[in-house]
Amino acid sequence: MPDTSTTEQQRRGGRAILASGMIGLVAGIDNLGNGLAIAALLFSGPLASGLGMGVGAVLLSAAILALLVGLRSTQPDTVALVQETSVAVLAATIAAMAADMPDAPADVRVATALAILGTSTLVTGALFWLVGRLRLGTLVRFFPYPVVAGFLAGSGWLLVEGGLAMLTGVHAPLANPRLLADPTILAKLVPAALLAVLLVAALRRSASPFILPGVLVGAALAFHALIALLGITPDQARAWEWLPTVPGGTVSLPLPTGIVAAADWSRVVAAAPAILSVAVLGLVGLLLNSSGIELASGRDIDANTELRVTGGANLIAGLFAGPSGFVGLGMTLLAGRLGAADRWAGVATAAVIGLGLFFAGWLVANTPVFLTAGLILFLGVELLQEWAVASRKRLPRGDWLIVLAVLAAIAGIGFIEGLLLGLAVSLATFVYTYARLPVIRLSTTGRTLRSRVDRSPAATHHLTEAGGAVEILQLQGFLFFGTAEQIVHRVRRRLSDTDAPPLRFLIVDFAHIKGMDSAAATGFARIRNLTAATGVRLVLSGLPPKVAAMLAMAAPELEDDPALTRAIDIDHALEACENSLLATAPLPAPALPSANGELIHHLEEAIGPHPRLADAAAALDELRLTPEAVLIRAGETASDVYIVGRGRVKVQTTRPDGQRLRLRTMTGGAVVGEIALLLGQRRTADVVVDEPSVIYRLTAATLARLEREDAELAFVFHRLLATTLAEKLTRANLVIEQAHR
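Residues numbered from 1 in each chain as written. Predicted model: local features only at pLDDT ≥ 70, side-chain atom pairs only at ≥ 80, totals over all residues. Heavy atoms only, no water.

(A) Quick peek at the overall build of the chain. Regarding its fold elements, the chain presents 27 helices and 14 strands. Out of the 741 residues in the chain, the part that is buried amounts to 50%. Contacts in the chain between residues at least 24 apart in sequence constitute 80% of all its contacts with a sequence separation of at least 6. (Helix = DSSP H or I, 4+ residues; strand = E, 2+ residues; numbered from the N terminus. Buried < 20%, exposed > 50% of the residue type's maximum accessible area, 1.4 Å probe, protein only. Contact = heavy atoms within 4.5 Å.)

Below you can see the structure in the form of structure tokens.
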């Protein structure tokens with residue numbers, strides 16, 4: 001009894017081979033038609049004698065690309081094609097070269113054209129391979145999309161112009177529109193235009209892959225039937241330039257040695273800008289097509305591998321003077337829909353093209369000029385419609401205007417000029433847009449943003465009143481000449497604001513800055529001049545090493561400036577400014593009627609007057625501690641709460657790498673450790689004495705005893721703890737509010 005699974009696998013394999021054969025036939029015929037049209041575009045007018053060799057070069061390149069990319073691509077059903085967009089650019093360059101060499105022998109002009117074509121493909125292949133080898137494929141996707149769209153629209157224009165040149169035999173025929181009214185040219189132009197319109201209409205109505213080859217074959221048969229009916233012989237049609245003349249009557253393959261020997265290499269060097277443009281445009285096109293296939297198929301594609309594989313195929317095709325190419329989006333997606341899930345699709349395509357080489361001479365000789373010109377016109381119109389018209393719906397107005405600007409420059413001046421214009425406009429647009437992004441992450445004053453130092457109620461109240469003298473700017477992003485001007489403008493506006501309190505400190509925080517250029521660095525020298533002239537101290541906090549190095553290099557005058565201070569972070573910057581404000585503050589001095597007078601003063605500031613404050617102070621244990629003494633250790637069970645009478649302690653935690661991070665600093669009057677005590681939790685951080693201090697301790701046992709024996713005194717302590725918690729919650733809410741502004 002046959003194995004059902006094996007039979008099913010055989011059926012699937014048979015269907016896959018059939019699908020591969022079908023896509024190979026469709027793609028092969030499509031390549032043959034496009035190849036004839038591309039060769040006719042490249043080798044017309046003064047280069048017509050090279051048509052047979054040009055057809056051979058184009059078809060051989062198409063076969064090499066289809067075979068090698070199909071066998072080695074990461075996508076099994078990949079179908080690679082010669083891309084007409086790059087040919088459009090080279091056609092204009094080659095036509096200009098031929099027009100500039102009217103007295104050169106025909107074989108020299110043809111060899112030079114093939115040398116330009118082959119060199120372009122070699123450069124494209126080398127660029128593909130190098131970018132893939134360096135694994136930089138994803139970086140190319142940052143190429144400005146409007147510029148790419150403009151290039152493609154411009155390529156469409158060049159194809160239309162090339163199609164008209166095929167019909168007129170004149171380079172840049174649109175420069176002399178009278179040519180198009182010549183009756184002999186109209187006899188070819190009208191059917192070519194009608195064919196282009198027919199192709200556009202047919203492909204709008206149906207997405208079948210058989211439409212394009214069907215229309216072309218039907219048009220060719222109709223032409224030959226018509227001239228036979230009218231009694232016009234093929235030789236007479238060639239004399240009227242309705243049919244092409246193939247020198248020798250055959251298609252031949254170019255020999256690399258013959259091209260190297262006969263070509264005018266100074267002309268090839270002069271074509272370097274166009275050659276490089278084709279390589280870059282091909283690189284972007286390959287990555288865009290790969291992304292489209294990846295999105296449509298749902299399979300990941302290694303862009304760097306695709307670049308290396310396609311680069312190798314182009315290097316081999318370039319040796320035979322063929323045009324460049326890469327994976328075709330439409331044909332590859334069609335192969336997937338037909339079920340060609342193996343590598344036979346590319347092999348079958350190459351086989352059909354290779355077979356067509358044997359009949360290419362006959363095909364070229366019997367393909368009407370209007371058909372190849374009409375196909376070129378159709379391809380150009382399609383690119384123009386897709387990238388100059390339809391792109392309006394998917395691009396913002398500004399980006400679409402860039403597309404039109406690039407198209408206009410290519411049409412009116414030249415392809416390289418359009419390239420440079422597009423890049424310049426995109427760069428200017430990027431700078432303008434990025435310069436408008438907010439580089440100031442937070443703008444506030446010392447009234448609302450405080451350091452992590454817990455102070456006495458009187459000191460806190462004074463900082464609330466006097467904090468307007470401290471202006472704080474937290475920056476973000478990358479600073480360059482465009483964004484730095486935002487900061488200078490904000491500082492100048494604050495210094496001239498007569499309604500705001502007089503400014504004493506300006507803190508500029510760089511903690512969220514990713515980088516800075518030299519122009520932005522000189523902007524801070526301007527800010528320093530503004531603050532120094534008004535007696536304001538400039539404080540720079542959180543400077544990353546790269547930013548500090550750029551400041552030192554571009555604005556060395558800031559290094560030893562007495563009017564400028566640096567702080568490791570914004571917390572230390574705020575603490576220093578607050579200390580300066582408090583140093584001149586008229587704070588009430590604590591009365592000292594007894595040994596506990598200082599403590600009673602702190603309690604009164606916290607909860608207000610109460611007759612039992614002296615009893616509360618007497619219930620606490622006094623601790624006199626030296627710096628680095630550990631008051632609270634993380635992980636311990638909470639059994640005490642502490643009040644700082646004099647001195648300072650710091651709350652800190654230890655990171656996994658052993659680095660200690662300061663969380664808060666507490667001075668006279670601050671309460672420490674109340675949260676863990678009230679919630680019965682373990683300590684979450686260390687509290688270490690920062691300078692000689694007098695600390696008062698309320699033990700859990702004392703508080704429990706007072707709750708049983710002296711409810712009024714216990715109420716005093718609970719009110720102290722509640723007030724402290726409320727103040728800390730208020731500060732936390734302010735920090736959250738500032739972070740979300």
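(B) Representation of the sheet that holds strand β7 (residues 537-541) in the model. Taken together, five strands build an open sheet; the order of strands is β3-β5-β6-β7-β8 and the sheet is mixed. What marks the edges here is a single partner per strand, and that holds for β3 (440-445) and β8 (564-567). Taken over all neighbouring pairs, the strand axes of this sheet differ in orientation by 20° on average, direction set aside. When β3 meets strand β5 (residues 470-479), the two strands line up antiparallel, connected through five bridges. By the bridge assignment, Ile440 is partnered in β5 with Leu475. (Pairing = 2+ DSSP bridges. Axes fitted to C-alpha atoms, helices over the stretch in contact; angles between N-to-C directions.)

(C) Structural view of helix α26 (residues 700-709). Of the positions making up α26, those classed as buried are Thr702, Leu703 and Leu706. Seen from one end, α26 has its buried residues packed into an arc of 95°, which puts them on one side. Residues of α26 that are exposed and point over 90 degrees away from its buried face: Ala701 and Arg708. (Arc of directions from axis to C-beta.)

(D) Structural view of the packing of aromatic side chains. Counted according to the given criterion, the structure contains three aromatic pairs. Seen in terms of ring centroids, Phe223 and Phe370 are 5.8 Å apart; in terms of plane orientation they differ by 55°. Their pairing is tilted. With Phe223 in helix α7 (residues 211-229) and Phe370 in helix α15 (residues 369-389), the pair connects residues that are 147 residues apart, well separated along the chain. Of the two residues examined, Phe223 and Phe370, each falls in the buried class. Between Trp240 and Trp242 the ring centres are 5.0 Å apart and the planes differ by 65°, which places this aromatic pair in the edge-to-face class. Directly above the ring of Trp387 sits Arg394, whose terminal nitrogen or CZ lies 5.1 Å from the centroid. (Phe/Tyr/Trp six-rings, centres within 6.5 Å; stacked < 30°, edge-to-face > 60°. Lys NZ or Arg CZ within 6 Å of the ring centre and 35° of its normal.)

(E) Quick look at the nonpolar core. Among the nonpolar cores identified, the biggest contains 102 residues, and Leu42, Phe43, Val55, Ile94, Leu195, Leu199 and Leu375 are the most heavily contacted of them. With 13 residues, the single largest contributor to this core is α15. Apart from residues lying up to four places away in sequence, Leu375 is in contact with Gly33, Asn34, Ala37, Leu195, Leu199, Leu212 and Leu216. By size, the runner-up hydrophobic cluster in this structure holds 30 residues, among which are Leu538, Leu543, Leu551 and Leu564. (Core = buried A, V, L, I, M, F, W, Y, C linked by side-chain atoms within 4.5 Å.)

(F) Focus on the pairing of β5. For β5, the tally of buried residues reaches seven of 10 residues, placing the bulk of the element in the interior. For β5 and strand β6 (residues 505-516), the ladder comprises nine bridges, and the chain directions are parallel. By the bridge assignment for β6, Ile472 is matched with Ile507. With respect to chirality, the unit in which β5 leads through helix α19 (residues 481-495) into the neighbouring parallel β6 is right-handed. (Right-handed = clockwise from strand over helix to strand, strands pointing away.)

(G) Main features of the pattern of salt bridges. Taken as a whole, this structure holds 17 salt bridges when the rule is applied. For Glu382, the salt bridge goes to Arg204, with nearest N and O atoms at 3.1 Å. Residue Glu382 is found in helix α15, and its partner Arg204 is found in helix α6 (residues 183-205); the two are separated by 178 residues along the sequence. Taking the relative accessible area as the measure of exposure, Arg204 reaches 47% and is therefore partly exposed. (Salt bridge = Lys/Arg side-chain N within 4 Å of Asp/Glu carboxyl O.)

(H) Structural view of the packing of helix α5 (residues 145-168) against α15. Here α5 crosses α15 at 160°, and the two axes come no closer than 8 Å. Comparing the axis directions of α5 and α15 gives the class roughly antiparallel. In the packing of α5 onto α15, the handedness of the crossing is left-handed. Partitioned by chemical class, the residues of the contact of α5 with α15 number 21 nonpolar, five polar and no charged. (Parallel < 35°, antiparallel > 145°, perpendicular 65-115°, else oblique. Left-handed = near helix turned anticlockwise from the far one by under 90°. Nonpolar A, V, L, I, M, F, W, Y, C, P; charged D, E, K, R; others polar.)

(I) Local environment of empty space enclosed by the protein. Evaluation of the coordinates by the stated rule reveals five cavities of 30 Å³ or more. Put simply, the largest cavity is a space of about 70 Å³. Around the largest cavity, the lining residues are Arg450, Ser451, Val453, Asp454, Arg455, Thr460, Leu463, Glu578 and Arg731. Of all elements in the fold, only β4 (453-454) and α18 (457-466) reach the threshold of two or more residues within the lining of the largest cavity. (1 Å grid on protein atoms, 1.4 Å probe; cavity = no way out; pocket = protein on both sides within 12 Å on 5 of 7 lines; lining within 4 Å. Points joined across faces, edges and corners; volume = space filled by probe spheres on them.)

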